[in-house]
Amino acid sequence: MDTSRTGRAFAATGTATGIAADIAAEVAAGVVTGTVRPRGIWHRAAHTLDSGFMLSSRFWRLALLGAVVPLLGIIPNRETRAAAPVSIPHGPAGTPTVTQSLATNVLVATVAASEGDNAEAARTFTRAAQLAPSYRPFVERAFLYSILAGSPDAARLARQQPPGVVPELVMGNAAAVASDWAGALSHYEKAPDDPIMRIVRPLLRAWALQGMGRTDDALVALAAAQADHLLGGYYTLHAALIAEMGGQVMRADTLYRRALDMSGGDLFTTRVLTHWLYRQGKAAQARDMIAAKIAAMAALEPARPALVAALGRPVVTSPQQGMAQAYGLLALLMDQQNNAEPPPSKPGEDHPAHDHDITTLRSTEQMMLRLSLMLDPANTEARILLSALFHAEDENQQAIDVLAEVSPNDPMAVVIRAEEGELDMALGHRAEAERIIRGLLRDAPADRTLWCDMGDILLGQGKWREALSAYTRALALSGTLEGDDWRVLFGQSIAYDRVGDWKHAKAGLMQALRMAPNEAELLNDLGYSMVEHGDDPATAQDYLRRALALSPDDGQIRDSVGWVELRLGHVGEGLVLLERAAEQLPQDPAINYHLGVAYWVSGRRLEAVNAWQDAAQFHPDPPDQRKIAAALAYATSQAAAHPPAHGVAPADLRITPSPSPSPSPSPAASASATTSRVASPPASGSVPAVGEAASPNPRPNPDTKATAPDGSGPAGDKKDGAHK
């Protein structure tokens, strides 16, 4: 379920380069806002690449606060998908064509950056730098966007940058790709020291020395790092790989044994160690280790046969691949923190510093992944994480493009195909998504994760009965339900509700709620559906207030709370909440319909009609469309010169204001609604409509995006929520 949209500017903190000050000034001058979306359907990346050996609050404070922001404060904040305006330097007199071309390129570059098109931003900032060579911010931005785009121009542009960590890493990588190991080592050594370089430099130095054939020196370079109590197992694993590549088999075996005792559960570590076990004649132990990994990360199930078949295949065969994994380590650390729960907060309280840290971390993670792929384009784990970042920014075509380069022979290819299906679904390519998942199910009919995917896809297409069948099949294959399995129950319940079986839908939602009592999305859907079915509105109100307390900035949850208040006859309270929800999500058809009802029963008939007309043009789903049409038809009949004597108002318009005051809205709801308009005196009506029949759960299905009237893009989703 979508949260409110916000826009932010570039992050610009703690850097010695000139671009930081320029950006900070531009932020003060104004910001071009963009759309921010949380991860929606994506679920595999965080579960297939999890690294269980380095998470701790100590590392979080050290690496984030002490290193990430100072190191990469110059990186544009990609998560916000916003670009600050750029001031145009004055060109030489008498060159209007050059000045116009410069302005055009800067404008195109800024728009491309705001839309997440890193490649176009890099190209046009490069052209701007050529037209205004004395203006440093253009070449610096061209450099940064070329890295984020994975462009080979990054190495050339790095040579034009002031000394710093990022330019030295890029130039070192370029030398390593060319097998210029002495040059690579020189650049890695020149990079200024900071906490992040203290993590990655031992690995880069060791692999560069191994590229030079200096195995003993490479192992010495990693010796001190192996004692690290957080990452020692990872350094030891790399030392084993280097010893093996250098022909020191016995030393490698000793290091592998040590790594086996120290290491955690990330996919790279698992694959390296199971390959070693397999070569030691311990195939059964290797298979058991793979099985344990899959048991912990169900999304890997489709890849089980390929992972087992690849046990005899070495994972790292070149120093460049080892270096790529060094950047992958940083990306994994950042990805885990990106997906970590935010600090506990009271209703209405926010954490701007924490949010800034996270958005900076996401930008940094994307750069680390590009640096990894610069060295090893076949690094599948890096592609999965990078694709996940693009999806989080709603740049799903770029997410698909990143995955498209994965070889069909890769052990993770089947997982990649499933991700492509989900991304196609996010892009609205429903038939293609269904085709992909059905193809995978033909090869793996007992894969519960694929059946969950199929349920989500079918639910998104409005194929309720087929979706119900898919979710039921997934649950039958699940055994004991635990962890995120509540999402499967959630999807199945939505399907039950859509086919008119509220009894089973409610039972599934209640079972899911017992498994996940603090999931705001689940509480919201349960409470909203209960209101629509006239089922215990007081309890529904409690569920919705709990949901809003857990997610106080969610406009859709605020809409649900306002709607139940209205249906209970608390017209004033409901109207305030619904107005605020409409301000947050102005193109959501369901919210506009609800707001129109609130206006109608408040006696503000013209505003009600305006709200319903807005709702009608934002592509509502069929149940809401019928309600909107009925409301508009009734309003038209009442405005006629001779309204029908026995015209029956739609059920929602027959709400009677409660004679007694309702409980006060939650602090979060009240605080967020202080700018809303005060309701007019309510109009008279008949009996409350809470207990009357209503279409089952009329919210649009998952992944069905309400679009703007011109079809240009999403407009305030109202999703049921499914297994994601």
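Residues numbered from 1 in each chain as written. Predicted model: local features only at pLDDT ≥ 70, side-chain atom pairs only at ≥ 80, totals over all residues. Heavy atoms only, no water.

Under an unreviewed UniProt entry, the name given to the protein is Tetratricopeptide repeat protein, and the organism recorded is Novacetimonas hansenii.

Secondary structure assignment for the protein yields 34 helices and zero strands. Put simply, the protein has 724 residues, and 57% of those count as buried. For the protein, restricting intrachain contacts to residue pairs at least 6 apart in sequence, the fraction spanning at least 24 positions comes to 67%. Carbon and sulfur atoms make up 55% of the accessible area of the protein, which amounts to about 27700 Å² in all. (Helix = DSSP H or I, 4+ residues; strand = E, 2+ residues; numbered from the N terminus. Buried < 20%, exposed > 50% of the residue type's maximum accessible area, 1.4 Å probe, protein only. Contact = heavy atoms within 4.5 Å. Areas by Shrake-Rupley, 256 points an atom, 1.4 Å probe, with all protein chains shown as cover.)

Time to look at the environment of Met245. For Met245, the location among the structural elements is in helix H12 (residues 232-245). With near-sequence residues (within four places) excluded, Met245 lies in contact with Trp207, Gln210, Val316, Thr317, Ser318 and Pro319.

Quick look at the packing of aromatic side chains now. Counting across every chain of the model gives nine aromatic pairs. With a centroid separation of 6.0 Å and an interplanar angle of 25°, the aromatic rings of Trp486 and Phe490 are classed as stacked. Of this pair, Trp486 and Phe490 both sit in helix H25 (residues 486-498), four residues apart, roughly one helical turn. Across this residue pair, the class does not change: Trp486 and Phe490 are buried. Here Trp600 and Trp612 contribute two aromatic rings whose centre-to-centre distance is 5.7 Å and whose plane-to-plane angle is 35°, an arrangement assigned as tilted. Separated by 12 residues along the polypeptide, Trp600 in helix H31 (residues 589-601) and Trp612 in helix H32 (residues 605-617) bring together distant segments of the chain. Overall, the relative accessible area of 0% leaves Trp612 in the buried class. Pairwise contacts between aromatic rings join Phe125, Tyr135, Phe138 and Tyr145 into one cluster. Stacked on the ring of Trp600, the Lys or Arg Arg605 has its end atom at 4.0 Å from the ring centre. (Phe/Tyr/Trp six-rings, centres within 6.5 Å; stacked < 30°, edge-to-face > 60°. Lys NZ or Arg CZ within 6 Å of the ring centre and 35° of its normal.)

Before going further, it helps to spend a moment on the pattern of salt bridges. Tallied over the full model, the rule gives 27 salt bridges. Residue Lys463 is joined to Glu434 by a salt bridge in which the shortest nitrogen-to-oxygen separation is 3.0 Å. Taken together, the residues Lys463 in the loop between helix H23 (448-460) and helix H24 (464-476) and Glu434 in helix H22 (residues 430-443) connect sequence positions 29 residues apart. When its relative accessible area of 28% is taken as the criterion, Lys463 is described as partly exposed. The network of salt bridges with shared partners includes Glu434, Arg438, Lys463 and Glu466. (Salt bridge = Lys/Arg side-chain N within 4 Å of Asp/Glu carboxyl O.)

What follows deals with the nonpolar core. In terms of nonpolar packing, the biggest core is built from 112 residues, with Phe138, Val170, Tyr256 and Met323 touching the most fellow members. Ignoring anything within four residues of it in the chain, the contact list for Met323 reads Ala176, Trp181, Tyr188, Leu204, Trp207, Ala208 and Leu375. (Core = buried A, V, L, I, M, F, W, Y, C linked by side-chain atoms within 4.5 Å.)

Let us now look at the packing of helix H28 (residues 537-550) against helix H29 (residues 555-567). The contact between H28 and H29 brings their axes to 9 Å, and the two run at 155°. Viewed along their axes, H28 and H29 adopt a mutual orientation that is roughly antiparallel. Crossing handedness for the pair H28 and H29: left-handed. Between H28, through Pro537, Gln541, Leu544, Arg545, Ala547 and Leu548, and H29, the contact on the second element is made entirely by Ile557, Arg558, Ser560, Val561, Val564 and Glu565. Of the residues that constitute the contact of H28 with H29, the class distribution is seven nonpolar, two polar and three charged. (Axes fitted to C-alpha atoms, helices over the stretch in contact; angles between N-to-C directions. Parallel < 35°, antiparallel > 145°, perpendicular 65-115°, else oblique. Left-handed = near helix turned anticlockwise from the far one by under 90°. Nonpolar A, V, L, I, M, F, W, Y, C, P; charged D, E, K, R; others polar.)

Even without glycine at this site, Asp394 takes up a positive phi of about 65°. You can see Asp394 is positioned in the loop between helix H19 (380-392) and helix H20 (396-404). Even without being a glycine, His619 presents a positive backbone phi close to 55°. Tracing the sequence through the fold places His619 in the loop between H32 and helix H33 (622-639).

To continue, consider the side chain of Glu532. In this structure, Glu532 sits in helix H27 (residues 520-532). A polar contact of 2.6 Å, which involves the side chain of Glu532, links it to the side chain of Trp563. (Polar contact = N/O pair within 3.5 Å; in protein donor to acceptor, adjacent residues only side chain to side chain.)

Let's shift gears to the packing of H31 against H32. When two helices pack together, their arrangement is given by the angle between the helix axes and the distance between those axes. The contact between H31 and H32 brings their axes to 8 Å, and the two run at 165°. Considered as vectors, H31 and H32 are oriented roughly antiparallel to each other. Two packed elements cross with a definite hand, and for H31 against H32 that hand is left-handed. Touching Pro589, Asn592, Tyr593, Gly596, Val597, Tyr599 and Trp600 of H31 are Arg605, Glu607, Ala608, Ala611, Trp612, Asp614 and Ala615, all from H32. Partitioned by chemical class, the residues of the contact of H31 with H32 number nine nonpolar, two polar and three charged.

Moving on: the confidence of the model for the protein. Summary statistics for the protein give a mean pLDDT of 77 and a share of 73% for residues scoring 70 or more. In this model, residues 1-86 is a region of pLDDT below 50 whose contacts with residues beyond four sequence positions or in other chains number 262 contacts. Confidence drops under a pLDDT of 50 for residues 661-724, and excluding neighbours within four residues, the segment shows 209 contacts in the predicted structure. (pLDDT = per-residue confidence, 0-100.)

Once that is clear, we can look at the environment of Ala399. Secondary-structure assignment places Ala399 in helix H20. Assessed through its relative accessible area of 0%, Ala399 is described here as buried. When the C-alpha atoms of Ala399 and Leu389 are compared, they prove to be 7.8 Å apart, with 10 residues separating the residues in sequence. Residues within four places of Ala399 in sequence aside, it is in contact with Ser387, Phe390, His391 and Leu423.

Time to look at H23. The end-to-end C-alpha separation of H23 is 18 Å, in line with the 18 Å expected for 13 residues at 1.5 Å each. A side-chain oxygen of the first residue of H23 lies 2.9 Å from the backbone nitrogen of Thr449; this N-cap is Asp447. Looking at the residues trailing H23, positive phi occurs at Gly462, about 75°. (Expected span 1.5 Å × (residues − 1).)

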